[in-house]
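Geometric and topological summary
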Amino acid sequence: MKAVKKYLPFLNWFPMDGAILRADLIAGITVALVLIPQSMAYAQLAGLPPYYGLYAAFLPGAIGALFGSSKQLATGPVAVVSLLTASALIPFASVGSEAYIGLAIMMTLMVGIFQLSLGLLRLGIVVSFLSHPVIVGFTNAAAMVIGLSQLSKIFGVPMGRSENFMADILGVVTKVGDLHLPTFAFGFAAFLIMFLLKKYTPKLPNVLIAVSLTITVSWLINFAEMGGKVVGEVPAGLPTIAMPELDFAMMSQLIFSAIVISLVGFMEAISIAKAMAAKTKDRVDPNQELIGQGLANIIGSLGQSYPASGSFSRSAVNLSAGAKTGMSSLFTAAVVLITLLFLTPLLYHLPQAVLAAVIMMAVIGLVNFSAVKHAWYANKHDGIAAIVTFIATLGFAPHLDRGIMIGAGLAIFLFLFRAMRPRVAILGCYDDGTLRDLDVHPSMPTDERIIMIRFDGQLFFANIGYFEDSVLAALANQSQAKYILIVSDGINQLDASGEEVINHLVKRMAENGITIVFSGLKKQVLDVMRRTNLFDHIGDPNIFATKDQALFDIYNRIGDEKHRPLLPYYLQPASNGNAANTAYLVGKQREL
């Protein structure tokens, strides 16, 4: 039964008592009150008729809850994925056309197949290629693009579509003189209502209240007859269940965008799921969540959905409303179903400016420049990756996928750059007997006969040359040395390139009368050395468990009983209790 529950996680909801069922029902209805207007707004952002947002809120929400591992994650339309969908499809079809809608549904299937494949192959780790700083930079830029893209709908003026998003926005600003006042009034009023309700009565469904009030006013004054744009007729009933029309030539052109949408959408979903799991003390399985999100999009594509993902705002509402299991998402889907069957006529008079205001209100929370600042303080390379991603995403808008891939590529490059040049320290003996960096403590005792080097990082093809150069540079500065001690506690991996260079380095040094000694080698490094016979080449007498053992042995080989400046005070010949320490070290208990 445990194995069955692993692949059918919704079985873990049961048995379910009445209290849990009531809590999920209340939470499900609460989320639906936010989801219905929000999903229509996001569909408009994606370049689709607003009611396609309801389609994306129906099946994906239910399937994501049934097969995902999170009990509170609310799946459906989200702002960033909606904008990515639009940016991917605009070059290939007119916004809102039948061809455009067909491509959006086909994209949903592609996203779902990619996510499901990653989940089944247990490759959830692939999202690590999109680092947190990259996502922070991208999200900030995307939020600004989303907000600015709604200005034309708020002003009631047309917006051009070109390869330069900022030029399009500038064109909107120059048309402010043609502002349609009733449209602007609706947008501004909706924004003000949501802002005030959120600030002073946060428990009330501010989006639903704003939408309901503006629909009523729009109907009373016949806003559509005044030249205002409204949602218009929404087809009643369920979406047609059908296999998306597949155009393999077009799929090959959209595959890159589908991968970006898959990874960004899942990154958002898993981040939310983990944050909620930390509060509820549940466990989230990234691979199972990939399966859930993949199935949500695959089955959603059969019901005319565009790409969906986990929503931060609605998941937070779900959790705060008391959701205990994924049953709450099934109740949400049921409310969406009722809306599609019976309530669509009520949406006819909803001003599109109000949907634009809903979008702008939602993305305000995505703008977080302090996170970029925090990344900079944590690591300047991370800060650079976040800033470059932000600038590239804005610069390449509306092609947002280019911005995030530039950021991801830069983050990987900077990681490799750091790995290529890890910290190398030439060591001396501190007062307390520990070995420390001579650059930090230049007054520490040294010994011209011995070089001590600590290398902090794995030894692999990208940095082994730097390791070799560091050893040779240290030897050039201390040419009288006869022993080089590599303090290896920080070396956690060794690949074939590293093994080869160490082999040659040991041989070259031996030919010049210099012995290389290692201390603190980890098991995984020793295993490589033994399998490749490098251990025998270095020689068992030159490999020690601790640096104290190594130094004690080196001084014994040198034959100097009195001048041992690199040994800690408690191992010096004149120290009390020296006999016991000497016996311990002479025994060479390497623990290898």
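Treat the numbers as computed from the prediction; the structure is a model and nothing was measured.

1. Some thoughts on helix 4 (residues 79-89)
Of all 11 residues in helix 4, 11 are buried; the element is thus mostly enclosed. Listing the buried residues of helix 4 in full gives Ala79, Val80, Val81, Ser82, Leu83, Leu84, Thr85, Ala86, Ser87, Ala88 and Leu89.

2. Quick notes on empty space enclosed by the protein
Under the defined criterion, the tally for this structure stands at 3 cavities of 30 Å³ or more. The volume enclosed by the largest cavity comes to roughly 230 Å³. Together, 22 residues line the largest cavity, and Leu83, Ile90, Ser149, Arg161 and Phe165 are the ones closest to its centre. Of all the elements in the fold, those that place two or more residues in the lining of the largest cavity are helix 2 (18-45), helix 4, helix 6 (132-149) and helix 8 (165-174). Class assignment for the residues of the lining of the largest cavity results in 12 nonpolar, 7 polar and 3 charged. Its volume calculated, the second largest cavity comes out at about 90 Å³. Taken together, 14 residues form the lining of the second largest cavity, with Val31, Ala74, Thr75, Ser329 and Thr332 sitting closest to its centre. Those elements giving two or more residues to the lining of the second largest cavity turn out to be helix 2, helix 3 (51-67), helix 13 (312-320) and helix 14 (327-343). Considered class by class, the residues forming the lining of the second largest cavity number 7 nonpolar, 6 polar and 1 charged.

3. So, the packing of helix 11 (residues 248-280) against helix 13
Two numbers describe how helix 11 lies on helix 13: the axes approach to 10 Å, and their chain directions differ by 20 degrees. Viewed along their axes, helix 11 and helix 13 adopt a mutual orientation that is roughly parallel. Here helix 11 and helix 13 pass one another in a crossing that is right-handed. Two secondary-structure elements touch here, helix 11 through Glu268, Ile272, Met276, Lys279 and Thr280 and helix 13 through Phe312, Ser315 and Leu319.

4. Focus on the pattern of salt bridges
Two side chains carrying opposite charge are able to pair once their charged atoms lie near each other. According to the stated counting rule, one finds 9 salt bridges in the structure shown. Among the salt bridges present, the one from Lys523 reaches Asp527, with a minimum N-O distance of 2.8 Å. Highlighted residues: Lys523 and Asp527, both in helix 21 (residues 523-531), separated by 4 residues, approximately one helical turn. Residue classification places Lys523 among the exposed residues on the basis of a relative accessible area of 61%. A relative accessible area of 23% places Asp527 in the partly exposed class. Where salt bridges share partners, they join Arg423, Asp437, Arg454 and Asp456 into one cluster.

5. Observations regarding the layout of surface pockets
In this structure, the largest pocket spans a volume of roughly 1,400 Å³. Taken together, 43 residues line the largest pocket, and the ones lying closest to its centre are Phe312, Ser313, Ala362, Gly365 and Leu366. Class assignment for the residues of the lining of the largest pocket results in 28 nonpolar, 12 polar and 3 charged. Volume-wise, the second largest pocket comes out at about 510 Å³. Around the second largest pocket, the lining is made up of 22 residues, and of these Ser152, Lys153, Val157, Lys229 and Gln352 lie nearest the centre.

6. A word on the confidence of the model for the chain
Residues shown with low pLDDT carry predicted positions that ought not to be read at fine detail. When pLDDT is averaged across the chain, the result is 89; 96% of the residues are at 70 or more. Across residues 583-592 the pLDDT falls below 50, and counting only partners more than four positions away or on other chains, this stretch makes 24 contacts in the model.

7. A look at the sheet that holds strand 7 (residues 515-519)
The strands making up a sheet associate through hydrogen bonds between their backbones, and the pairing can be parallel or antiparallel. Spatial strand order, 4-3-5-6-7-8: 6 strands in an open sheet with mixed pairing. Edge positions in the sheet fall to strand 4 (435-437) and strand 8 (543-544), since each has one partner strand and no second. Running at roughly 155 degrees to strand 5 (residues 450-456), helix 19 (residues 464-477) makes contact with strand 3 (423-429), strand 5 and strand 6 (483-487) of the sheet. Sheet strands touched by helix 23 (residues 547-558): strand 4, strand 5, strand 6, strand 7 and strand 8. Its angle to strand 6, the strand with the most contacts, is close to 175 degrees.

Scoring rules and cut-offs
Residues numbered from 1 in each chain as written. Predicted model: local features only at pLDDT ≥ 70, side-chain atom pairs only at ≥ 80, totals over all residues. Heavy atoms only, no water. Buried < 20%, exposed > 50% of the residue type's maximum accessible area, 1.4 Å probe, protein only. Helix = DSSP H or I, 4+ residues; strand = E, 2+ residues; numbered from the N terminus. 1 Å grid on protein atoms, 1.4 Å probe; cavity = no way out; pocket = protein on both sides within 12 Å on 5 of 7 lines; lining within 4 Å. Points joined across faces, edges and corners; volume = space filled by probe spheres on them. Nonpolar A, V, L, I, M, F, W, Y, C, P; charged D, E, K, R; others polar. Axes fitted to C-alpha atoms, helices over the stretch in contact; angles between N-to-C directions. Parallel < 35°, antiparallel > 145°, perpendicular 65-115°, else oblique. Left-handed = near helix turned anticlockwise from the far one by under 90°. Contact = heavy atoms within 4.5 Å. Salt bridge = Lys/Arg side-chain N within 4 Å of Asp/Glu carboxyl O. pLDDT = per-residue confidence, 0-100. Pairing = 2+ DSSP bridges.

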